[in-house]
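Remarks on the overall topology
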Amino acid sequence: MPIPMGGRAGMIGPSGSTAHMIPPPLPMPPMLEDADDVESENLSAMLMSWYMSGYYTGLYHGQRMSQQQQQQRQQHSQQAQQQKRARQS
């Protein structure tokens, strides 16, 4: 079971490896009180799209980083196995 690390955006797994996790999203931007005004509605829609764009951009980059780290671990594991086989022969 992963153990939370204090002050870091990550977890320590059972093998001692660090698995990065995605932080929770920021709070929603404040909505304007005068929603009847078309200009205010447009501004609110723009702020919401800006917020969602930032959230999904961060989510995408976090997933890409996780995939790259997983690939690096797999490559490292394969290299270690190849070196072990070479020593045994």
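Cut-offs used in this document
Residues numbered from 1 in each chain as written. Predicted model: local features only at pLDDT ≥ 70, side-chain atom pairs only at ≥ 80, totals over all residues. Heavy atoms only, no water. UniProt positions renumbered as here; feature names shortened; annotations may be inferred. Phe/Tyr/Trp six-rings, centres within 6.5 Å; stacked < 30°, edge-to-face > 60°. Patch = residues over 30% accessible without salt bridge, like charges linked within 9 Å, V, L, I, M, F, W, Y side chains within 5 Å. Areas by Shrake-Rupley, 256 points an atom, 1.4 Å probe, with all protein chains shown as cover. Salt bridge = Lys/Arg side-chain N within 4 Å of Asp/Glu carboxyl O. Helix = DSSP H or I, 4+ residues; strand = E, 2+ residues; numbered from the N terminus. pLDDT = per-residue confidence, 0-100. Contact = heavy atoms within 4.5 Å. Expected span 1.5 Å × (residues − 1). Buried < 20%, exposed > 50% of the residue type's maximum accessible area, 1.4 Å probe, protein only.

- Identification of the protein as AGAP004011-PA-like protein from Anopheles sinensis is taken from an unreviewed UniProt entry.
- If you open the UniProt record of the protein and go to Subcellular location (unreviewed entry), you find "Nucleus".
- UniProt's Sequence similarities (unreviewed entry) comment on the protein is quoted here verbatim: "Belongs to the SMN family."

1. Considerations on the packing of aromatic side chains
- Enumeration according to the criterion identifies one aromatic pair in this entry.
- Consider the rings of Tyr55 and Tyr56, whose centres lie 5.0 Å apart with planes at 85°: the pair is edge-to-face.

2. A word on a nonpolar patch on the surface
- A cluster of nonpolar side chains, contributed by Met52, Tyr55 and Tyr56, occupies part of the molecular surface with about 270 Å² of accessible area.
- Mapping Met52 onto the fold places it in helix 1 (residues 38-88).

3. Observations regarding the confidence of the model for the protein
- With 69% of its residues at a pLDDT of 70 or more, the protein shows a mean pLDDT of 76.
- Overall, residues 1-14 carries pLDDT values under 50, and its contacts beyond four positions in sequence, including any with other chains, amount to 22 contacts.

4. Considerations on helix 1
- With 51 residues, helix 1 should reach 75 Å at 1.5 Å per residue; the first-to-last C-alpha distance of 75 Å fits that figure.
- Burial in helix 1 covers these residues: Ser40, Ser44 and Tyr51.

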